[in-house]
Amino acid sequence: METHAKIGPVTAVVAPAGSAAGGDFNQSRASQEADRAARYKLVIEQGARQGVFIYKVLDRETGEVVRQLPREEVVRLKDQNGYAAGAVISTTV
(Lines give C-alpha, C1' and ligand atoms only; values in the text may rest on other atoms or scores of the structure.)
Protein backbone atom coordinates (compact mmCIF):
# COMPACT_ATOMS: atom_id res chain seq x y z
CA MET A 1 0.00 0.00 0.00
CA GLU A 2 1.48 3.31 -1.03
CA THR A 3 0.90 6.45 1.00
CA HIS A 4 1.94 10.04 0.55
CA ALA A 5 1.57 11.08 4.19
CA LYS A 6 4.25 13.38 5.54
CA ILE A 7 5.44 13.31 9.11
CA GLY A 8 6.79 16.58 10.44
CA PRO A 9 8.80 17.37 13.54
CA VAL A 10 6.97 17.56 16.87
CA THR A 11 7.79 20.12 19.52
CA ALA A 12 7.74 18.74 23.06
CA VAL A 13 6.05 20.78 25.76
CA VAL A 14 7.40 20.35 29.27
CA ALA A 15 5.07 21.14 32.16
CA PRO A 16 6.49 23.43 34.83
CA ALA A 17 7.56 21.81 38.10
CA GLY A 18 4.77 21.68 40.68
CA SER A 19 1.97 21.66 38.14
CA ALA A 20 -0.62 18.90 37.99
CA ALA A 21 0.60 17.99 34.51
CA GLY A 22 4.07 17.24 35.87
CA GLY A 23 5.01 14.18 37.89
CA ASP A 24 4.82 16.01 41.23
CA PHE A 25 1.09 15.44 41.68
CA ASN A 26 1.36 11.68 41.23
CA GLN A 27 4.50 11.52 43.36
CA SER A 28 2.90 13.47 46.19
CA ARG A 29 -0.20 11.30 46.02
CA ALA A 30 1.92 8.16 46.12
CA SER A 31 3.88 9.63 49.00
CA GLN A 32 0.67 10.38 50.90
CA GLU A 33 -0.58 6.82 50.31
CA ALA A 34 2.74 5.41 51.53
CA ASP A 35 2.60 7.57 54.66
CA ARG A 36 -0.97 6.47 55.34
CA ALA A 37 -0.10 2.79 54.86
CA ALA A 38 2.98 3.12 57.09
CA ARG A 39 0.74 4.32 59.91
CA TYR A 40 -0.70 0.82 60.33
CA LYS A 41 0.86 -2.49 61.26
CA LEU A 42 -0.39 -6.06 61.05
CA VAL A 43 -0.24 -8.20 64.18
CA ILE A 44 -0.94 -11.93 64.00
CA GLU A 45 -1.84 -13.63 67.29
CA GLN A 46 -2.48 -17.29 67.98
CA GLY A 47 -6.01 -17.91 69.22
CA ALA A 48 -7.11 -20.00 72.18
CA ARG A 49 -7.30 -23.12 70.02
CA GLN A 50 -4.42 -24.59 68.06
CA GLY A 51 -4.41 -23.55 64.40
CA VAL A 52 -6.61 -20.49 65.02
CA PHE A 53 -5.08 -17.10 64.31
CA ILE A 54 -6.34 -13.59 64.90
CA TYR A 55 -5.25 -10.85 62.50
CA LYS A 56 -5.28 -7.29 63.81
CA VAL A 57 -4.50 -4.05 62.01
CA LEU A 58 -3.21 -1.56 64.57
CA ASP A 59 -2.74 2.19 64.31
CA ARG A 60 0.94 2.77 65.15
CA GLU A 61 0.25 6.21 66.61
CA THR A 62 -2.72 5.45 68.87
CA GLY A 63 -2.41 1.68 69.38
CA GLU A 64 -6.09 1.37 68.41
CA VAL A 65 -7.29 -1.83 66.71
CA VAL A 66 -8.53 -0.59 63.35
CA ARG A 67 -9.70 -3.99 62.08
CA GLN A 68 -9.66 -7.54 63.40
CA LEU A 69 -10.31 -10.81 61.60
CA PRO A 70 -12.15 -12.81 62.75
CA ARG A 71 -14.21 -10.22 64.60
CA GLU A 72 -14.07 -10.18 68.40
CA GLU A 73 -17.63 -11.47 68.67
CA VAL A 74 -16.82 -14.52 66.56
CA VAL A 75 -13.71 -15.25 68.65
CA ARG A 76 -15.82 -15.14 71.83
CA LEU A 77 -18.40 -17.51 70.29
CA LYS A 78 -15.69 -19.98 69.31
CA ASP A 79 -14.28 -19.97 72.85
CA GLN A 80 -17.61 -21.05 74.37
CA ASN A 81 -17.88 -24.74 75.32
CA GLY A 82 -21.10 -25.39 73.39
CA TYR A 83 -19.89 -23.84 70.15
CA ALA A 84 -20.07 -25.92 66.99
CA ALA A 85 -19.66 -24.80 63.39
CA GLY A 86 -22.99 -23.49 62.16
CA ALA A 87 -24.26 -22.92 65.71
CA VAL A 88 -24.33 -19.16 65.19
CA ILE A 89 -27.63 -19.34 63.32
CA SER A 90 -30.67 -21.11 64.73
CA THR A 91 -32.22 -23.29 62.03
CA THR A 92 -35.19 -24.52 64.10
CA VAL A 93 -38.67 -23.17 63.37
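Refer to the structure printed above.
Read on for a plain summary of the structure.

Cut-offs and rules
Residues numbered from 1 in each chain as written. Predicted model: local features only at pLDDT ≥ 70, side-chain atom pairs only at ≥ 80, totals over all residues. Heavy atoms only, no water. Helix = DSSP H or I, 4+ residues; strand = E, 2+ residues; numbered from the N terminus. Buried < 20%, exposed > 50% of the residue type's maximum accessible area, 1.4 Å probe, protein only. Contact = heavy atoms within 4.5 Å. Areas by Shrake-Rupley, 256 points an atom, 1.4 Å probe, with all protein chains shown as cover. Polar contact = N/O pair within 3.5 Å; in protein donor to acceptor, adjacent residues only side chain to side chain.

Some words on the overall build of the protein chain
For the protein chain, the count of helices and strands is 2 helices and 3 strands. Counting helices and strands in the order they occur from the N terminus, the protein chain gives α-β-β-β-α. Across the 93 residues in the protein chain, those meeting the buried criterion constitute 9%. Taking all contacts inside the protein chain whose residues are at least 6 apart in sequence as the whole, residues at least 24 apart take part in 8%. Only carbon and sulfur atoms are counted for the fraction: they give 54% of the accessible area of the protein chain, which is about 8,400 Å².

Re the side chain of Asp-59
As for its position among the elements, Asp-59 is in strand 2 (residues 53-59). With a relative accessible area of 5%, Asp-59 lands in the buried category. In terms of polar contacts, Asp-59 uses its side chain to reach the backbone amide nitrogen of Glu-61, at 2.8 Å. When sequence neighbours within four positions are dropped, the list of residues in contact with Asp-59 reads Arg-39, Tyr-40, Glu-64 and Val-66.

Overview of unusual backbone geometry
Here the amide bond leading from Leu-69 into Pro-70 is cis, since omega sits at -10°, within 30 degrees of zero. Its location among the elements puts Pro-70 in the loop between strand 3 (65-69) and helix 2 (72-79).

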